[in-house]
Amino acid sequence: MSAMWRAGLGVLLVALVAGCNSLTASMAGHIVSNNAAQSVAQTDLTGTVVDATGKGIAGVDVTAYLADGSPLAESTAGSTQLVSNNAGGLVASNASAYRTTEAIATATTDSSGRFDLPVDATGSYNVEAVQSGSQKAWKAAVSVASPGSAAQTGTLQLEPTGSLAGRVVTPDAPTVTDLEGVAVYIPGSSYIAFTDPTGHYALSDVPAGSFTLVATKTGLGDATDLGVTVASGKSTQAPDLALSLVAPQLLAVVPQAAGAGALLTITGAHFGASTGDPIQVSVGGAIAVSFQRISDQKLVVTVPQGAQPGNLVVSINGLASNGLPFSPLDQLVVSQHGWGLHLVPGATTGLTVTGVVNPQTPPVSGPPVTWQVATGSSVTVDGNGVVTAVAPGRSVVQASSGTVATEVDLEVQTGTATVSTLAGGSSGTADGPGTTAQFNGLAGLAVLPDDTLVAADFYNNAIRAIAPDGTTRTLVYTPSGPLGPVTGAATADLLYTANVATDATGDIFISNWGGNTILELTPAGVLTTLAGTGQAGFADGPGQTAEFNAPNGLAVDARGDVYVADAGNNRIRKITPAGQVTTIAGYGLPGMEDGPAATALFNNPRGLALAPDGTLYVGDGVPSSGDRSTSSTIRKISPDGQVTTLAETQNGRITGYSSLDLFDGVLSFNDLIAPEQLAFGPNGNLYIADSAGSILR
């Protein structure tokens, strides 16, 4: 290149002298000297610097840079100043956006030319030896495989430096005429220059070798030449660097579902970390305000508030990437919940989490969460949700994803829980002690004041009593039914006894499912029809004219009012002690709609349980024969006549959720199928008999 040509173009030359006296004091805080005291084991890069004759040279400054490091970096405070050994030659208008690559370590050769560079991590490093601005050596991509070991850089032979000049063009933006300020640099070094208005640049005093050359400017794009060779003592004309904007590409986001405030790791390409290009990250339509560009291939993003189910998209310079699906979690639910989960010291149990996006979106099984013991010291929990009981007491274990969290209440008790058979064991009709008794389709249970169990024996069309010692006797039966004559038992035209309930006086109320009536049996053995004509239908009014359609669940309050889950009519009914029948909830059409009791919709309600505060809980949407295509729910009817849904599963999966005032947590089910029977325990817990799921919850 002639001097006249260079002067005519007015090319901006940046002489980057990386010698021992050229590094500015502002860089010193980032350099690890081989003489500094080390508090941790270092990995050493060792080698020898020689002259043209192969003789070791003393007093040569040697510097290590990360091989993929960039002289460009984003300004985090908005006022970062350019650090350079020739800052006065750079374009001042760009000084706030860039800084030179920081040295990882520096050393000075000893009398034999040897050097030892301490670095603190594995990776690939570029090593430069500088005797003067015109005598340098370069070794690219020295690999450090393991920490605390030595890696040989070999021999670095000093040679006269060369220079590199070229031009930046913008074929994608032909109307751009002012190309001043495009950054042109060699990655993994401190060599950087900025173009003049015509797009020309020059790098001087560059060591001989083969380099990658990168050009970039916000709004114009990037360009890369992977094989530019600088000859010793010569000036090299580089090919034109054609700037072009490249849209970012997304490969993966981990995790794919998380709560607001959780961290996402995004991998892909062209994220603009090395060039400082403008970036925007959209998570389900919400713009992320907190993120970190780790590299051109990796981002860490905080899930923003307000994200909706949809795609995660990264935009660089206004160019949008492909989208990756992401589900923002609105709530977490746990497979086991409430004080019903009891452990003994030393026992373990695994908790699993389901993420709820919204009631209209299928739940997310097993999203990554953080587990911790929020209160108490009776248990410990590991990162996988495995709980270990330590000592008697109560603890709360929390699972969280960002700001979204749920808590599980656990109790550790001494002793063991056992399950034993009180009565029955095979299908049949026999009365008698313990396991000699037989039943056929037990459908409902209630407890009398003397602790006698009363059972609705569905297919035997009978009501049976089980004493505390396990002895079974028949209270009511159908003469034409399977049991035949039973001495001392009352008779009635029963057809599929679905449920029973008792009151404080010992009266037994019977849900005659197939006979469409509600019966009452007194302790004296007097059996009467409390309500229902026997015909399937719907009518409120006096008991003798009221009509039901497949009545099922029963509950009795302290006043003696009897509540009936009128399954076939999709309504909840009430019978006063005088026999007056009214509808307390349900419009009559099948469905699941909350709101005022008169307009709320139910779908085959069966289970009923009455809370001490007068709130009625309903097991609704019970499918036939375990069919999972319907929506199974737990509903609540408040004393003021409002119907709400506490938990719902669709096709065996959670699609709804709510908090129960009576419990220390959230009611949740992973696979609620048929909530056929409900009951409150003495500790205030709601127990649910899931007939199709064959489980007591």
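Small disclaimer: the values here were computed from a predicted structure and weren't measured.

Please clarify how the overall build of the protein chain should be interpreted in this entry.
Summing up its helical and strand segments, the protein chain has one helix and 63 strands in all. Counting the 697 residues in the protein chain, one finds 50% classified as buried. As displayed, the protein chain has an accessible area near 29,400 Å², and 52% of this comes from carbon and sulfur atoms.

Before we go on, may I ask you to explain the packing of aromatic side chains in this structure?
Any aromatic ring pair is given by two values, namely how distant the centres are and how the planes are angled relative to each other. Applying the stated criterion to the full structure yields six aromatic pairs. A ring pair is formed by Phe458 and Tyr496, whose centres lie 5.0 Å apart and whose planes are at 15°; its orientation type is stacked. Taken together, the residues Phe458 in the loop between β40 (453-457) and β41 (462-466) and Tyr496 in the loop between β43 (490-491) and β44 (497-502) connect sequence positions 38 residues apart. For Phe458, a relative accessible area of 14% translates into the label buried. Aromatic ring contacts, followed pair by pair, group Phe458, Tyr459, Tyr496 and Trp513 into a single cluster. Between Arg573 and the ring centre of Phe548, over which it is positioned, the NZ or CZ distance is 4.7 Å.

Mind showing me how you'd approach the sheet that holds strand β32 (residues 353-356) here?
The pairing of strands in a sheet comes from backbone hydrogen bonds and takes either a parallel or an antiparallel form. Taken together, the three strands give an open sheet; going across it, the order is β29-β32-β33, and neighbouring strands pair in antiparallel fashion. The open sheet has two edge strands, β29 (331-334) and β33 (364-365), and neither has a second partner.

Help me understand the nonpolar core in this model?
Within soluble globular proteins, side chains that are nonpolar generally end up buried alongside one another. In terms of nonpolar packing, the biggest core is built from 22 residues, with Val168, Leu203, Leu213, Ala215 and Leu241 touching the most fellow members. If you list the elements that add at least two residues to this core, you get β11 (162-169), β14 (200-206), β15 (209-217) and β16 (221-230).

Mind showing me how you'd approach the pairing of β15 here?
Successive residues of a regular strand alternate their side chains across the two faces of the sheet. The pairing of strand β12 (residues 183-185) with β15 spans three bridges and is classified as antiparallel. Bridging from a neighbouring strand, Val184 pairs with Ala215 of β15.

How should the environment of Ala498 be read in this particular structure?
Relative to the helices and strands, Ala498 resides in strand β44. With twelve residues separating them in the primary sequence, Ala498 and Ile510 have C-alpha atoms 7.8 Å apart. Not counting the four nearest positions on each side in its chain, Ala498 is found in contact with Ala443, Gly444, Ala456, Phe458, Ser511, Trp513, Pro551, Asn552 and Gln677.

Sorry, what's going on with the sheet that holds β12 here?
With antiparallel pairing, the four strands of this open sheet are ordered in space as β13-β12-β15-β16. Edge positions in the open sheet fall to β13 (192-194) and β16, since each of these has one partner strand only. Strand after strand, the sheet turns through a mean of 20° between neighbouring axes, direction not considered. Alignment of β15 against β16, held across eight bridges, turns out to be antiparallel.

What am I meant to see in the pairing of strand β25 (residues 298-302) here?
Counting buried residues in β25 gives four out of five residues, a clear majority hidden from the surface. Two strands pair when backbone bridges link them, and strand β21 (residues 263-269) and β25 are joined in this way by five bridges, in the antiparallel orientation. Looking at β25, one finds that Leu263 is bridged to Thr302. Alignment of strand β24 (residues 291-295) against β25, held across four bridges, turns out to be antiparallel. Looking across to β25, one finds that Arg293 is bridged to Leu299. What sits between β24 and β25 in their antiparallel hairpin is a turn of two residues.

Looking at this structure, how should I read the environment of Asp196?
Tracing the backbone shows Asp196 in the loop between β13 and β14. For Asp196, a relative accessible area of 7% corresponds to the buried category. Sequence spacing of Asp196 and Gly181 is 15 residues, and the spatial spacing of their C-alpha atoms is 6.6 Å.

Quick question: what am I supposed to make of unusual backbone geometry here?
Among all residues except glycine, the phi angle is most often negative; among peptide bonds, the trans geometry is most common. A cis geometry characterises the amide bond from Val254 onward to Pro255, with omega recorded as -5°. With respect to the helices and strands, Pro255 occurs in the loop between β19 (249-254) and β20 (257-259). Not every positive phi belongs to a glycine, and Tyr496 is a case in point at roughly 65°. Positive phi, close to 55°, is recorded for Asn570, a residue that is not glycine.

How should I be thinking about the side chain of Thr517 in this particular structure?
Within the secondary structure, Thr517 is located in strand β46 (residues 517-521). Residues contacting Thr517, with those up to four places away along its chain left out, are Ile510, Ser511, Asn512, Thr529, Ala531, Gly532, Thr533, Gly534 and Pro551.

When you look at the pattern of salt bridges in this model, what are you seeing that I'm missing?
Two side chains bearing opposite charge may form a pair once their charged atoms approach each other closely. In this structure the tally under the stated criterion is nine salt bridges. In this structure, the salt-bridge partner of Arg573 is Asp566, at a minimum N-O distance of 2.6 Å. Look at Asp566 and you get buried, because its relative accessible area is 0%.

When you look at the environment of His200 in this model, what are you seeing that I'm missing?
Looking at the element boundaries, His200 is found in strand β14. Along the chain, His200 and Val168 lie 32 residues apart, while their C-alpha atoms are 6.3 Å from each other. Here the side chain of His200 touches Thr198 through a polar contact of 2.8 Å, side chain to side chain.

Just checking my understanding: could you explain the confidence of the model for the protein chain for this structure?
For residues with low pLDDT, the predicted coordinates do not support detailed interpretation. Looking at the protein chain, the pLDDT average stands at 80 and 79% of residues meet or exceed 70. Across residues 1-40, confidence stays below pLDDT 50; counting only partners more than four residues off in sequence or on other chains, it has 91 contacts.

Reading guide: rules and limits
Residues numbered from 1 in each chain as written. Predicted model: local features only at pLDDT ≥ 70, side-chain atom pairs only at ≥ 80, totals over all residues. Heavy atoms only, no water. Helix = DSSP H or I, 4+ residues; strand = E, 2+ residues; numbered from the N terminus. Buried < 20%, exposed > 50% of the residue type's maximum accessible area, 1.4 Å probe, protein only. Areas by Shrake-Rupley, 256 points an atom, 1.4 Å probe, with all protein chains shown as cover. Phe/Tyr/Trp six-rings, centres within 6.5 Å; stacked < 30°, edge-to-face > 60°. Lys NZ or Arg CZ within 6 Å of the ring centre and 35° of its normal. Pairing = 2+ DSSP bridges. Core = buried A, V, L, I, M, F, W, Y, C linked by side-chain atoms within 4.5 Å. Contact = heavy atoms within 4.5 Å. Axes fitted to C-alpha atoms, helices over the stretch in contact; angles between N-to-C directions. Salt bridge = Lys/Arg side-chain N within 4 Å of Asp/Glu carboxyl O. Polar contact = N/O pair within 3.5 Å; in protein donor to acceptor, adjacent residues only side chain to side chain. pLDDT = per-residue confidence, 0-100.

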